[in-house]
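# Observations on the three-dimensional arrangement
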Amino acid sequence: MADRVPPEPVRRVPGPLVVGVIPNQHPEVVLEARALSQALGRPIIFAYVEPGSYLVEWNMEPDTEYLSLHPREMDGDIGADVALILANLWKAMEDAELPWRLRVLAGDPARALARLARESRASMIIVGTREPGVGPMVSEFLGGSTAAHLAEQQTLPVLVVPVAATE
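None of the values given here were measured: they were computed from a predicted structure.

### Description of the pattern of salt bridges
Applying the stated criterion to the full structure yields 1 salt bridge. Of the charged contacts in the structure, one is a salt bridge between Glu-119 and Arg-115, with a shortest N-O distance of 3.2 Å. One end of the pair is Glu-119 and the other is Arg-115, both in helix α3 (residues 109-120) and 4 residues apart, which spans about a single turn. Overall, the relative accessible area of 43% leaves Glu-119 in the partly exposed class.

Structure below.
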């Protein structure tokens, strides 16, 4: 009787890091993601979720079934925000050893980031804490924290990078 050799375990290729970014974000979030990316040897997908957008998938009708979940065209405001984010990323990621890219998403930020993480088979989601001040505090009170929503609903690790208060 021949000995049975167990099959080789399936090795999962480590996925990218998904990093939520916003216009005028403190650089700590991107710099921490860059350091972690280099330490783990994983690429980064930066993601900006356009705040005034929505996903057509949540309101499925036959004629919208094949519409993209990501914005097709950017209006002036979105384009300016994306240009600012991209300029900041180019500065922070200059001479980065691993590849990175920026995706513009639509919908609720926590759901959009979670969806991107699933689609890209990400290893981790990285976001920053809210900015100090009354405006962001009211916004968080009304809509909730993206970091808290992600931490409650994800099966993958969620890293929350605290941002420094401006003095």
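### Here's the deal with unusual backbone geometry
Not every positive phi belongs to a glycine, and Asp-95 is a case in point at roughly 65 degrees. Mapping Asp-95 onto the fold places it in the loop between α2 (76-92) and β3 (100-106). One non-glycine residue with positive phi stands out, namely Arg-121, at about 55 degrees. Inspection of the secondary structure assignment puts Arg-121 in the loop between α3 and β4 (124-128).

### A look at the side chain of Ser-37
Its location among the elements puts Ser-37 in helix α1 (residues 28-40). Setting aside chain neighbours within four positions, we find Ser-37 in contact with Leu-17, Arg-42, Pro-43, Ile-44 and Leu-98.

Conventions and cut-offs
In this numbering scheme, every chain counts its residues from 1 along its sequence in written order. Only residues with pLDDT of at least 70 are given local features in this predicted model, and only at 80 or more are side-chain atom pairs given and counted; all residues enter the totals for whole chains, interfaces and linings. Heavy atoms from the whole structure form the basis of all side-chain values; hydrogens and water molecules are not counted. Between Lys or Arg on one side and Asp or Glu on the other, a salt bridge is scored when a side-chain nitrogen of the former is within 4 Å of a carboxyl oxygen of the latter. Only DSSP runs of H or I with at least four residues qualify as helices, and only runs of E with at least two residues qualify as strands; both kinds are numbered from the N terminus onward. Relative accessibility thresholds used throughout: buried, under 20% of the residue-type maximum; exposed, over 50%; partly exposed, between the two (1.4 Å probe, protein chains only). In what follows, a contact means two residues having at least one pair of non-hydrogen atoms within 4.5 Å.

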